[in-house]
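The primary structure of each chain is shown beneath.
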Amino acid sequence: MKKTLTTLTLAAGLLAGVPAMADLVMPSLSYRTGPYAANGIPFADAYADYFTLLNERDGGIGGEKIKLVECETGYNTEKGVECYESTKGTGALLYQPLSTGITYQLIPKVTADGIPMLTSGLGRTSAADGKVFKWVFNFPANYWDGASIMVKYLLSENNDSLKGKKIALLYHNSAYGKEPIRTLQDLSKKYGFKLSLIPIDAPGQEQKSQWLQVRRERPDYVLFWGWGVMNPVAIQEAANIRFPMDHFIGIWWSGSENDVKPAGAGANGYKALTFSGVGDGFPIYGDLKKYVYDAGKAAGAGDQHGTILYNRGLYAAMLTAEAAKKAQELSGHARITPAEMRDGMEALNVTEDLMAKDGMPKFGPAFQVTCANHGGSGQAQVMQWDAKAAKWNVITDWIQSDSSVIQPLIDADAAAFAKENNITPRDCK
Amino acid sequence: MFYREAGDFKTSYRDDGQTFPIRFDRYRYYAVLVFGFVVLPFLLNDYWTNAVFVPFLIYAIAAIGLNILVGYCGQLSLGTGGFMAVGAYACYKLTTAFPDVNIVFHILGAGIVTALVGMLFGLPSLRIKGFYLAVATLAAQFFLVWLFNRVPWFYNYSASGQISMPERTVLGIPVTGASVAPWAGYLVCLVFAVALAWMARNLTRGSVGRRWMAIRDMDIAAEIIGVNPLKAKLTAFAVSSFYVGIAGALFFSVYLGAVEVGEAFGIQKSFAVLFMIIIGGLGSIFGSFAGAAFMVVLPVMIKLVLVDTLGWPTDLGAHIQLMVVGALIIVFLIAEPHGMAQLWRLTKEKLRLWPFPH
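About the criteria used
Residues numbered from 1 in each chain as written. Chains lettered and ligands numbered in written order. Predicted model: local features only at pLDDT ≥ 70, side-chain atom pairs only at ≥ 80, totals over all residues. Helix = DSSP H or I, 4+ residues; strand = E, 2+ residues; numbered from the N terminus. Rg over C-alpha atoms; globule rule 2.2 N^0.38 Å. Buried ≥ 20, exposed ≤ 12 C-beta atoms within 10 Å, placed from the backbone. Arc of directions from axis to C-beta. Contact = placed C-beta atoms within 7 Å. Nonpolar A, V, L, I, M, F, W, Y, C, P; charged D, E, K, R; others polar. Right-handed = clockwise from strand over helix to strand, strands pointing away. pLDDT = per-residue confidence, 0-100.

**Section: the overall build of chain B**
Helix and strand counts for chain B come out as 15 helices and four strands. For a compact globule of 358 residues, the expected C-alpha radius of gyration is about 21 Å, and chain B comes in at 21 Å, within 12% of that figure. A total of 358 residues make up chain B; the buried ones form 49% of that total.

Shown next as structure tokens:
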């Protein structure tokens, strides 16, 4: 039986195996199934739609068509490995796994295989250190930036003093949720607030005990690092105990329509960070409608347009496309290799003009990637949910993270990684 | 015609008791071994190693381990994921504490640590049975995952709580980390799988295995004929956990390279391994391999056919895969409760008579 199955698979593999080396291949390790599907679908749809738009409107990038290879991970690390191995042979230019767990697994693999990986606002924070992580990028902002931006925002709300305040971090008990702890601990020392940590085990449909703890400790603010079904449950629970919603702030992955809508009016005033545009008022939506939606080429069910996570997918695809253009410019030919793609990403300079030209003015922060800094500028905005109008409103300008706290942490963590893996940091002049 | 005992004369008790009494079977077994050790390493690429063969071999080891406990000794356990986590974290702690010692010894050490932990959690089995024991081992599953998440010492105080495997070599060839050649990781797993399967086969047909089976079939009768339930049950827990621990260590070090305990070793892993032995066949070493192959290969095969070849949407493929695997589990439970091992047994019976059945 074992042998028969093996032969069958081998036969199936031969059917599927021949990689097409033409075009610019962009793998999309998406998750449209499983406990995180509600969040994975809009991102995957947007990622596909943006490249369809480029193919339809501009004939690809620099005359080369883009071929999107989608692979379903289900947010599962084992399937993530399978997806990576099955797509890397197709000439994949850039990986964006949208999962911190899969990112950790792929960091050594992409480094060995020489394929760049972009983890915007997720993944391993110290990958911002381009000297150690040559192939990994996490611009425009990372979790430690997020933690710092939240604290900075709270400072501005409290006349620049958080002394004696109590702040609780409610987090997904995994690599993703644990990332901000170290930064927040340092910040609590610096600003004199008291930090309490409240983990939620994935998937987090049941959070009564955590919110009981919140009621007991009465924190002034709750910071939230959740993902998937955990988000709406937390917001519902907060509404149930009448926690003041404007004192409840989520990271950029805990602020989408999926998360606030189930709590109805109770979610009004909930805040979250974002580093990508809000709403569908951008010129690019005109083009998307004309070339993609109305042409019947939209990915998925097509019901996600204009949502927060859809916009984040567009943003991720835009950064990818711009990096590819840069790579073509640097290498002088259109059919770039993964190594040239990496050079393009390292030379990426996202300006206001560039975003405006792409039909996405002020969609994200302006930033420049360098050899040493793969983390971008570390800026984000705070947005607030208006339950009556059912929309997010951006309520601050771009807030810059406190690099005097974060940079030493990044340097220390990157140095530890370099030592563990015998990497000599690159010389970046 | 070829598949029969006739003409294959056994002249000693040793010959009479061998695992493969039929000559054809014996040669087939050697052929599979030669193919696995000599031919496959040359054919494998990254994809086939990491997506199919390495997980298959690792799950097979875990399934053999669980089969010893459930299939041979009759002690239902839902703690497999937790025990695999013990193996993985033990391997990680050992290899970061003693980086100069060969990784093979660390993996064996991880197995021994897991065996001790398994015996500890096996103690309640002396008092409670059946479903109640399953609940007790379920507690082990949740406790162990909680422990590895809660105590930073286990993950060396890393910021994210993840454990990542540094590069380790065997005879100068890297077998863990990023730059592993496909054949190297595969061969390490294969050596462990073959050695452990060989050991399990010989344990289960010796006096130890007979004691386990006596306990499984009727514990009071076993006690009356002189089987010590304490020893029999605890050895079953120890040996089973040793296997599961090695599987966990390999799963972390060779296969994934970076692991997050809740995600990789959660309750769904316990169920996955339990399904493998139920589908493969309880109380059968071959069944453990067949079940592992079924659960690892089938999803990959469905994906290759539906998504990569026919170009269906990825989510549709994933949903169909869930439905097919689920349906097949039910079909197996109804149509062949003894699993694939029983199908194999029936095939062999038929083959013996072929082409002249009565």
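From this point, things continue past the structure.
**Remarks on the overall build of chain A**
Along the backbone of chain A there are 15 helices and 14 strands. Taken over the C-alpha trace, chain A has a radius of gyration of 21 Å; the compact-globule value for 429 residues is 22 Å, and the two agree within 12%. Burial statistics for chain A: of 429 residues in total, 58% are counted as buried.

**Comments concerning the environment of B:Met323**
Inspection of the secondary structure assignment puts B:Met323 in helix α14 (residues 314-335). As a C-alpha pair, B:Met323 and B:Pro166 span 157 residues in sequence and 38 Å in three-dimensional space.

**Some thoughts on helix α7 (residues 181-191) of chain A**
All names here are of chain A. For α7, the set of buried residues is Ile181, Thr183, Leu184 and Leu187. Angularly, the buried residues of α7 cover 155° about the axis, an arc narrow enough to put them on a single face. The secondary structure elements touched by the buried residues of α7 are α5 (143-157), β5 (166-172), α6 (175-178), β6 (194-200) and α15 (403-420). Looking one or two places after α7, you find Gly192, whose phi comes out positive at around 75°.

**Topic: the interface of chain A and chain B**
Each side of the interface is counted separately: chain A has 41 residues, and chain B has 42 residues. Where the side of chain A that touches chain B is concerned, the elements lending two or more residues are α1 (2-17), β2 (66-72), α3 (77-88), α4 (100-113), α6 and α15 of chain A. Tallying contributions element by element places α1(A) first for the side of chain A that touches chain B, with eight residues. Of the residues in the side of chain A that touches chain B, the class split is 13 nonpolar, 14 polar and 14 charged.

**Here we look at the pairing of strand β1 (residues 24-30) of chain A**
All names here are of chain A. Where burial is concerned, most of β1 is hidden: seven out of the seven residues are buried. Burial of β1 is two-sided: the residues Leu24, Met26, Ser28 and Ser30 facing one way and the residues Val25, Pro27 and Leu29 facing the other way are all buried. Handedness of the crossover joining β1 and β2 through helix α2 (residues 37-58) is recorded here as right-handed.

**Some remarks on the confidence of the model for chain A**
All names here are of chain A. Of all residues in chain A, 95% have pLDDT values of 70 or greater, and the mean over the chain is 88. The least confident element of chain A is α1, whose mean pLDDT is 47; the most confident is strand β7 (residues 221-225), at 94. Taken together, the stretch residues 5-20 has pLDDT below 50 and engages in 20 contacts with residues farther than four places along the chain or on a different chain.

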